[in-house]
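An overview of the molecular structure
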Amino acid sequence: MRDFTLKQYNLYLSALIDNGYKFVRFDEYIEKNLDGNNFALLRHDVDRRPKNSLNMAKLEHDLGVKATYYFRAKPCSYDEKIIKEIANLGHEIGYHYECLSDVKGDYDQAYALFEKSLNSLRVLVPVKTISMHGRPLSPIDNRDMWKTARGKELLNKHELLGEIYFAIDYSHIAYIGDTGRNWNTKGSNLRDHVESEITVDLDSKDELLEYFKTVKNSVVFQVHPERWDDDLMSWSMQYAKDSFINVVKFGIRLLR
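The structure reproduced in this document is the subject of the present report. Predicted model, so just to flag it, every value in this text is computed and none were measured.

1. Quick notes on the nonpolar core
For soluble globular proteins, nonpolar side chains are generally found buried alongside one another. Core analysis: the biggest nonpolar cluster contains 75 residues, and Phe 114, Phe 212 and Phe 221 have the highest contact counts within it. With residues near it in sequence (within four places) discarded, Phe 212 still touches Tyr 12, Ala 15, Leu 16, Asn 19, Ile 176, Val 219 and Phe 221.

What follows is the structure, given as structure tokens:
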């Protein structure tokens, strides 16, 4: 079976379920100050192809699993109907912001854009957490917005639980992501890292499945739904796109 299909994703979730994991949303994890082992947090960055996100959300709902979906304020991601459908399935909706890179580092414009986009999303659904969009082709890290006093005031003003890269202690959490279309993304993952004492570098879907069957510490499983597709044609097109982007990222890493 190919990896990065809904069928394979089903196997991953089923392994965690059988292993006794409790699935919680990011807002629940932060609000309840949860800690300890056997928590699974599913994070979905909806960069493009929102219909894929809805398909994934329905699968999770059928399995009795909750997840968090971060939507960009871009036409390639922002679909009001799908956003509301996913929220109605019991999943959390968050804002996948990229304001600082959008305005080429102008903080005043970035904060204004952030508020405008957040307020628009909140017309549709509640939003309690945010997560930066990496924008690997830009030299700007969007998370820098929250290092200033004004940025911290903005988070408090809008009663946000926080940016999930900073709001959670990941030191004892396994952080596993599909960035780079593999489970060992050191060469193609430029920004999506957390500080954890648990290192997970896997070479195949079979190794990942076995890990989920046996792991005992808490897990963040970070997935981009755009690349998960059972349709062979769509899957192949995304595979080609991801492969090209990985080459570009490798070149950027060398230059930096």
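2. Points about the packing of helix α1 (residues 6–18) against helix α9 (residues 205–214)
Running from N to C, α1 and α9 point in directions that differ by 25°, and their axes come no closer than 7 Å. When the axis of α1 is compared with that of α9, the two are roughly parallel. Handedness of the crossing formed by α1 with α9: right-handed. Note on element contacts: α9 touches α1 through Lys 205, Leu 208, Leu 209, Phe 212 and Lys 213, opposite Gln 8, Leu 11, Tyr 12, Ala 15 and Leu 16.

3. What about the pairing of strand β8 (residues 218–223)?
Across the 6 residues of β8, 6 count as buried, placing the element largely inside the fold. Burial of β8 is two-sided: the residues Ser 218, Val 220 and Gln 222 facing one way and the residues Val 219, Phe 221 and Val 223 facing the other way are all buried. Both strand β2 (residues 39–46) and β8 contribute to a ladder of 5 bridges, which runs parallel. Counted as the bridge partner of His 44 is Val 223 from β8.

4. Section: the pattern of salt bridges
Within the structure shown, the criterion is met by 16 salt bridges. Here Glu 115 makes a salt bridge to Lys 157, at a shortest N to O gap of 2.8 Å. Remark: Lys 157 occurs in helix α7 (residues 149–157) and Glu 115 occurs in helix α6 (residues 107–124); sequence separation between them is 42 residues. Residue class for Glu 115 comes out buried when judged on its relative accessible area of 18%. Here the salt bridges share partners, and the residues they tie into one network are Asp 178, Arg 181, Arg 227 and Asp 242.

5. A word on the side chain of Arg 181
Relative to the helices and strands, Arg 181 is located in the loop between β7 (173–177) and α9. Looking at Arg 181, the relative accessible area reads 10%, which means it is buried. At a separation of 2.8 Å, a polar atom in the side chain of Arg 181 contacts the side chain of Asp 242. The residues touching Arg 181, leaving out its near neighbours within four places in the chain, are Phe 4, Arg 227, Trp 235, Gln 238, Tyr 239 and Asp 242.

Reading the values: the criteria
- Residues numbered from 1 in each chain as written.
- Predicted model: local features only at pLDDT ≥ 70, side-chain atom pairs only at ≥ 80, totals over all residues.
- Heavy atoms only, no water.
- Core = buried A, V, L, I, M, F, W, Y, C linked by side-chain atoms within 4.5 Å.
- Buried < 20%, exposed > 50% of the residue type's maximum accessible area, 1.4 Å probe, protein only.
- Contact = heavy atoms within 4.5 Å.
- Axes fitted to C-alpha atoms, helices over the stretch in contact; angles between N-to-C directions.
- Helix = DSSP H or I, 4+ residues; strand = E, 2+ residues; numbered from the N terminus.
- Parallel < 35°, antiparallel > 145°, perpendicular 65-115°, else oblique.
- Left-handed = near helix turned anticlockwise from the far one by under 90°.
- Pairing = 2+ DSSP bridges.
- Salt bridge = Lys/Arg side-chain N within 4 Å of Asp/Glu carboxyl O.
- Polar contact = N/O pair within 3.5 Å; in protein donor to acceptor, adjacent residues only side chain to side chain.

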